[in-house]
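Coordinates in review
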Amino acid sequence: MTYGTDYHLHTVYSDGKREPEAYIEAALSLKLKEIGFSDHLNPSGGDLKWCMDHEKLPEYAEHILRLKREHKDIAVRLGLEVDYLPGREKETERIINSLPFDYIIGSVHYLGDETVDLGPEFYLGKDIDEIYENYFNLVCEAASTGFFDIMGHPDLVRIHRFRPEADITHLYGMMASAFAIHDVAFELNTNGRNKPLHDFYPDRKYLHLFAEQGVPVCVNSDGHFPERTGQYFSEAYDLLKRAGYREMAVFSGRERYMIPF
Ligand SMILES: [Zn+2]
Ligand SMILES: [Zn+2]
């Protein structure tokens, strides 16, 4: 049986719907071995509709660390999903070093001042090929900062089904190389299935490129409700196996360990 982990979950500390305890219950019923919390945080302190207020960060960490101590039946991990914002490196560094995190998920939601995921409006009247190129470049730049352990939903620009005209295999090749060079893992994020995209991130067609470069991977739900914990995971692990993966990344104290499927 697969050593099940889900490291990407959102609780009431950001835009998730329930307290952390409810997700642990869900994870226990799925017999997951590890569960990690990764509420949203914008280093600039903005976006309080979906991100944690910086002042809440110590309370969030204390809550998760208490659950970690209390649970002997499942490993509880303290994570955070941090926006990569060029120009905000100082704040980012301070935040990720301020608490004993097990891992940091680095995500690109912003291109310039606009978010790529909130609605399809962002894409209207724009050059989609250029958007893809800019997005992939920014994710690669994020990977190079050393701030992040896991790159979140690496091709989130697919969310609203606007497709580039050009063949973009080289963008995935570039991303896999950047992740390998900078020694970061990425997630196979199953939440895209619940979005207009109706599929996982990144595109299953290119998973083998990441496997060939030996980029460590983990499977995450990005759940905002306890019911989404571990959602579609057996399909995700099957996909990874078919792409050539034989092991997955787990994290503790920002150290990465590999576990066979
Ligand atoms: Zn995200
Ligand atoms: Zn998320």
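Here's what I pulled together on the structure shown here. Numbers given for residues are sequential positions, taken from 1 along each chain in its written order. For naming, the first written chain is A and the first written ligand is 1, with later ones following in the order written. Local features in this predicted model are restricted to residues of pLDDT 70 or higher, and side-chain atom pairs are both shown and tallied only at a pLDDT of 80 or more, whereas totals for entire chains, interfaces and linings draw on every residue. Water and hydrogen atoms play no part in the side-chain values, which are based on all heavy atoms of the structure.

**Quick look at the overall build of the chain**
Strands here mean DSSP runs of E at least two residues long; helices mean DSSP runs of H or I at least four residues long; both are numbered from the N terminus. Counting its regular elements, the chain contains 7 helices and 12 strands. Seen through its C-alpha atoms, the chain measures out along the principal axes to roughly 50 × 40 × 30 Å. Only protein chains enter the area calculation, which uses a 1.4 Å probe; residues under 20% of their type maximum are buried, those over 50% are exposed, and those in between are partly exposed. Relative to its full complement of 261 residues, the chain shows a buried share of 57%. Contacts are assigned to residue pairs that have any heavy atoms within 4.5 Å of one another. Counting only contacts in the chain whose residues sit at least 6 apart along the sequence, the fraction spanning at least 24 positions is 76%. Computed by Shrake-Rupley with a 1.4 Å probe, the accessible areas treat only the displayed protein chains as cover when residues are assessed. Summed over all atoms, the accessible surface of the chain reaches about 11200 Å², with 48% contributed by carbon and sulfur.

**Notes on the pattern of salt bridges**
Salt bridge, as used here, is a side-chain nitrogen of Lys or Arg placed within 4 Å of a carboxyl oxygen of Asp or Glu. One pass over the full model with this rule turns up 15 salt bridges. Here Arg 193 makes a salt bridge to Glu 235, at a shortest N to O gap of 2.7 Å. With Arg 193 in the loop between strand 9 (185-189) and helix 6 (207-212) and Glu 235 in helix 7 (residues 233-243), this pair connects stretches of sequence that are 42 residues apart. Looking at Glu 235, the relative accessible area reads 28%, which means it is partly exposed. Linking Arg 204 and Glu 235 is a salt bridge whose minimum nitrogen-to-oxygen distance equals 3.3 Å. Here Glu 235 lies in helix 7 and Arg 204 lies in the loop between strand 9 and helix 6, a separation of 31 residues in the sequence. Several salt bridges share partner residues, and in doing so they unite Asp 155, Arg 158, Arg 193, Asp 199, Asp 203, Arg 204 and Glu 235 into one network.

**Some words on a negative patch on the surface**
A cluster of acidic residues, Asp 127, Glu 130, Glu 133 and Glu 165, forms a negative patch on the protein surface. By the secondary structure assignment, Glu 133 is in helix 4 (residues 128-144). Residues qualify for a patch when their relative accessible area is over 30% and they have no salt bridge, like charges being joined within 9 Å and the nonpolar side chains of Val, Leu, Ile, Met, Phe, Trp and Tyr within 5 Å. Positive charge is attributed to Lys and Arg, negative charge to Asp and Glu, and no charge count is given to His or to the chain ends. Charge positions are represented by NZ for Lys, CZ for Arg, CG for Asp and CD for Glu.

**Some points on the nonpolar core**
Grouped together as the largest cluster of nonpolar side chains are 85 residues, with contacts concentrated most on Leu 80 and Phe 179. Looking at this core element by element, the count peaks at 10 residues for helix 4. In this view, Phe 179 contacts Val 139, Ala 143, Met 151, Pro 154, Val 184, Phe 186, Phe 210 and Val 215; residues no more than four positions away in its chain are not counted. To define a nonpolar core, start from buried Ala, Val, Leu, Ile, Met, Phe, Trp, Tyr and Cys residues and group those joined through side-chain atoms within 4.5 Å.

**Quick look at the coordination of the zinc ion (ligand 1)**
Four donors placed tetrahedrally about a metal ideally form angles of 109.5 degrees, and six donors placed octahedrally ideally form angles of 90 or 180 degrees. Coordination shells were defined by N, O and S atoms within 2.8 Å of each metal, extended to 3.2 Å for Na, K and Ca; water is absent from the atom set, which can make sites look incomplete. The zinc ion (ligand 1) binds to the protein through Glu 81 (OE), His 109 (NE2) and His 153 (NE2); the donor distances cover 2.1 to 2.2 Å. All donors of the zinc ion (ligand 1) belong to a single chain; written as a sequence motif, their spacing is E-x27-H-x43-H. On the basis of relative accessible area, His 109 is assigned to the buried category, the value being 5%.

**Re the coordination of the zinc ion (ligand 2)**
Within the first shell, the zinc ion (ligand 2) binds the protein through His 8 (NE2), His 10 (NE2), Glu 81 (OE) and Asp 222 (OD), at distances of 2.1 to 2.2 Å. What the 4 donor atoms of the zinc ion (ligand 2) show is an angle range of 79 to 167° at the metal, which sorts the shape as irregular. Between the zinc ion (ligand 2) and the zinc ion (ligand 1), the interatomic distance is 3.4 Å, and Glu 81 donates to each metal, bridging them. Remark: Asp 222 occurs in the loop between strand 10 (217-220) and helix 7 and His 10 occurs in the loop between strand 1 (5-6) and helix 1 (20-29); sequence separation between them is 212 residues. Each member of the pair, His 10 as well as Asp 222, is classed as buried. Angular criteria define each label, namely tetrahedral for four donors with all angles between 85 and 135 degrees, square planar for four and octahedral for six donors with opposite donors over 155 degrees apart and remaining angles between 65 and 115, and irregular for whatever fails these tests.

**Description of the environment of His 198**
Note on placement: His 198 falls in the loop between strand 9 and helix 6. In sequence terms His 198 and His 160 are 38 residues apart; their C-alpha atoms lie 9.5 Å from each other. Aside from chain neighbours lying at most four places away, what touches His 198 is Arg 161, Gly 192 and Arg 193.

**Describing the packing of helix 1 against helix 2 (residues 57-70)**
Axis lines are fitted to C-alpha atoms, over the contacting stretch for helices. Their N-to-C directions set the angle, which ranges from 0 to 180 degrees. Axis separation between helix 1 and helix 2 bottoms out at 11 Å; the angle between their running directions is 35°. The hand of the helix 1/helix 2 crossing is right-handed. Residues Pro 20, Glu 21 and Ile 24 of helix 1 pack against His 63, Ile 64, Arg 66 and Leu 67 of helix 2. Crossings are classed by handedness, with left-handed meaning an anticlockwise turn of the near helix from the far one by less than a right angle and right-handed meaning a clockwise turn.

**Details of the packing of helix 4 against helix 5 (residues 169-181)**
As a packed pair, helix 4 and helix 5 sit with axes 9 Å apart at the nearest point and diverge in direction by 5°. Considering their axes alone, helix 4 and helix 5 lie roughly parallel with respect to each other. Contacts between helix 4 and helix 5 involve Tyr 132, Glu 133, Phe 136, Asn 137, Val 139, Cys 140 and Ala 143 from the first element and Leu 171, Tyr 172, Met 174, Met 175, Ala 178 and Phe 179 from the second. Looking at the contact of helix 4 with helix 5, its residues break down into 11 nonpolar, 1 polar and 1 charged. Orientation categories follow fixed angle ranges, with anything under 35 degrees roughly parallel, anything over 145 roughly antiparallel, 65 to 115 roughly perpendicular, and all other angles oblique. Residues are sorted three ways: Asp, Glu, Lys and Arg are charged, Ala, Val, Leu, Ile, Met, Phe, Trp, Tyr, Cys and Pro are nonpolar, and all the rest, Gly among them, are polar.

Taken by themselves, the reported measurements are silent on function.
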